[in-house]
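Secondary and tertiary structure notes
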Amino acid sequence: MIEDKNPQYTDLEKLGEFGLIEHLTRQFDIKQKSTIKGIGDDAAILDFKSKQIVVTTDLLIENIHFDLSYAPLKHLGYKAVIVNLSDVYAMNAYATQITVSIAVSNRFPLEALEDLYAGVATAAKIYNVDVVGGDTTSSTTGLIISVTAIGEANKEDLVLRSGAKPNDLVVVSGDIGGAYMGLQVMEREKEVFKVNPQNQPDLEPYTYIIERQLKPEARKDIIELLKDLQVKPTSMIDISDGLSSEIIHICKQSDVGVELYENKIPLDPQVISTCEEFNIDSTTIALNGGEDYELLMTISQEDYPKIKANPNLTVIGYITEKNRGMHLITRGEQAVPIIAKGWNAIKNEA
Ligand code: ADP
Ligand code: MG
């Protein structure tokens, strides 16, 4: 970590709380029609007319959710926003505003927070959301970031986890497992670095999966695509904890069962090669790895022709009656029960 004794860096104490807030937030302008008042008063004022509002929050804690020895602060700020926007899109809603709250220790100079906020600002710009508030406080040790995202949708467009029906198709966007394998590579390099700091790792073969871990994107493009294709999913969830636990959420809340096909799960070639290198089964990673922020949804069979040719969407199975249970059909055509491990669990096992 950056030393705050270094003269190049500015102590947070120099600015004081209000100076710091002013410094970090002056870059934010207002673009959304629904934002009446952003940063600067006791509360933001929003006006959504006749829309329905979705609200979601995530809390990220240093050394639990991120490790600053390999996650650059700029990427961290970006990711803290993305993980929240992903939850908004998973409702088939559009994100409009965020608030950003931070707790920092004096170990962090101003320049570190500038980097963090550069990442926040970049995400806000790309996804067209206004930063309308937050809170700033001190912490005795690490860094804590909490982002709240607000979004809007027409009532009839909202998609819940609870709407899946037997015979619906299970569809996933993009590919999965990359973020988890990216983390494995970076943790390995961190260990190598501890032993031999001179060693310059060649990360070229892992660029895609490392980016999936450090700088994920939220699939706003997918909800726009679905709108264009005139497909309204019957249920939807974002993949933050792994395919298994997300499909279980859908099945439990929809009161249905599922059959997923191992050979249909979309994997990037870099995930496959890295799994081979680490001697881990790529299906286990796809099922239990996390943080891919893809969308998992169910669609009615009638909508299949509309999505069939789309490279961003892959059908990986179908919904059954509840009494059929939840199974993965392996390449060897065996039905294996789907259980939620969550990515922390596989991490502890490894
Ligand atoms: P209060 O004392 O009412 O909590 P603050 O002085 O903390 O007010 O905040 C002043 C303004 O700056 C408010 O609009 C608040 O939402 C915003 N704000 C404070 N901290 C942050 C932050 N870390 N990021 C973005 N906005 C912030
Ligand atoms: Mg405050």
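This text follows the structure it describes.
I will try to describe carefully the structure that is included in this document. These numbers were taken from a predicted model, which means no experiment stands behind them.

**Considering the overall build of the protein chain**
- Helices and strands together make up the secondary structure of the protein chain, namely eleven helices and 13 strands.
- Computed over its C-alpha atoms, the radius of gyration of the protein chain comes to 21 Å, within 12% of the 20 Å expected for a compact globule of 350 residues.
- A burial count over the protein chain gives 51% of its 350 residues as buried.
- For the protein chain, the exposed area adds up to about 16,900 Å²; of that, 49% sits on carbon and sulfur atoms.
- Charged side chains in the protein chain number 33 positive and 52 negative. The centres of these two groups are separated by 4 Å.

**With respect to the packing of helix α4 (residues 178-195) against helix α5 (residues 207-214)**
- Close contact between α4 and α5 brings their axes to 7 Å; oriented N to C, the two are set at 100 degrees. One way to sum up the angle between α4 and α5 is to call them roughly perpendicular. Residues Gly 178, Ala 179, Tyr 180, Met 181, Gly 182, Leu 183, Val 185 and Met 186 of α4 pack against Ile 209, Ile 210, Arg 212, Gln 213 and Leu 214 of α5.
- Residue composition of the contact of α4 with α5, by class: nine nonpolar, three polar and one charged.

**Notes on the environment of Ser 240**
- Locating Ser 240 in the fold gives a position in the loop between β8 (235-238) and α7 (243-254).
- You can call Ser 240 partly exposed: its relative accessible area is 21%.
- Along the backbone, Ser 240 and Ser 138 are 102 residues apart, and their C-alpha atoms lie at a distance of 28 Å.

**Points about the pairing of strand β6 (residues 144-153)**
- Buried residues dominate β6, accounting for nine of its ten residues.
- Strand direction decides the pairing type here: strand β4 (residues 94-104) and β6, joined by nine bridges, are antiparallel. Bridge pairing links Ile 102 to Ile 145 in β6.

**Thoughts on the packing of helix α1 (residues 12-25) against helix α3 (residues 110-126)**
- Packing of α1 against α3 leaves a shortest axis separation of 11 Å and a crossing angle of 15 degrees. Overall, the two elements α1 and α3 adopt an arrangement that is roughly parallel. You can see that α1 and α3 cross each other, and the crossing is right-handed. Taking contact as the criterion, the partners of Leu 12, Leu 15, Leu 20, His 23 and Leu 24 in α1 are, on α3, Leu 110, Leu 113, Glu 114 and Tyr 117.
- Residues that form the contact of α1 with α3 fall into these classes: seven nonpolar, one polar and one charged.

**Some thoughts on the packing of aromatic side chains**
- The full count for this structure, using the stated rule, is two aromatic pairs.
- Here the aromatic rings of Phe 28 and Tyr 117 are separated by 6.1 Å at their centres, their planes lie at 50 degrees, and the arrangement is tilted. Here Phe 28 is found in the loop between α1 and β1 (35-37), whereas its partner Tyr 117 is found in helix α3, with 89 residues between them in sequence. This pair shows no difference in class: Phe 28 is buried, exactly as Tyr 117 is.

**A closer look at the sheet that holds strand β5 (residues 130-138)**
- One open sheet accounts for four strands, arranged β3-β6-β4-β5; its pairing is mixed. One side of each edge strand has no neighbouring strand; the edge strands of this open sheet are β3 (52-61) and β5. Averaged over all pairs of adjacent strands, the angle between strand axes in this sheet comes to 15 degrees, irrespective of strand direction.
- Taken together, the eight bridges between β4 and β5 define a ladder with parallel strand orientation. Of the residues in β5, the one forming a bridge with Ser 101 is Asp 135.
- Lying on the sheet, helix α2 (residues 73-89) is in contact with β3, β4 and β6; it crosses β6 at an angle near 35 degrees.

**A word on the site of ligand 1**
- Around ligand 1, the structure places 14 residues, and the nearest of them are Gly 40, Tyr 117, Gly 133, Gly 134 and Thr 136.
- Contact between ligand 1 and Tyr 117: a nitrogen atom at 2.7 Å from a side-chain N or O atom of the residue.
- When isolated, ligand 1 has an accessible area of 550 Å², and the protein chains bury 76% of it.
- Among the detected pockets, ligand 1 sits in the second largest pocket.
- Broken down by secondary-structure element, the contributors of at least two residues to the shell around ligand 1 are α1, β4 and β5.
- Top element by residues in the shell around ligand 1 is β5. It accounts for four residues.
- Looking at side-chain class alone, the shell around ligand 1 contains six nonpolar, five polar and three charged residues.

Conventions used here
Residues numbered from 1 in each chain as written. Chains lettered and ligands numbered in written order. Predicted model: local features only at pLDDT ≥ 70, side-chain atom pairs only at ≥ 80, totals over all residues. Heavy atoms only, no water. Helix = DSSP H or I, 4+ residues; strand = E, 2+ residues; numbered from the N terminus. Rg over C-alpha atoms; globule rule 2.2 N^0.38 Å. Buried < 20%, exposed > 50% of the residue type's maximum accessible area, 1.4 Å probe, protein only. Areas by Shrake-Rupley, 256 points an atom, 1.4 Å probe, with all protein chains shown as cover. Lys, Arg positive; Asp, Glu negative; His and termini not counted. Charge placed at Lys NZ, Arg CZ, Asp CG, Glu CD. Axes fitted to C-alpha atoms, helices over the stretch in contact; angles between N-to-C directions. Parallel < 35°, antiparallel > 145°, perpendicular 65-115°, else oblique. Contact = heavy atoms within 4.5 Å. Nonpolar A, V, L, I, M, F, W, Y, C, P; charged D, E, K, R; others polar. Pairing = 2+ DSSP bridges. Left-handed = near helix turned anticlockwise from the far one by under 90°. Phe/Tyr/Trp six-rings, centres within 6.5 Å; stacked < 30°, edge-to-face > 60°. Near = heavy atom within 4 Å. Polar contact = N/O pair within 3.5 Å; in protein donor to acceptor, adjacent residues only side chain to side chain. 1 Å grid on protein atoms, 1.4 Å probe; cavity = no way out; pocket = protein on both sides within 12 Å on 5 of 7 lines; lining within 4 Å. Sits in = over half its atoms within 2 Å of the grid points.

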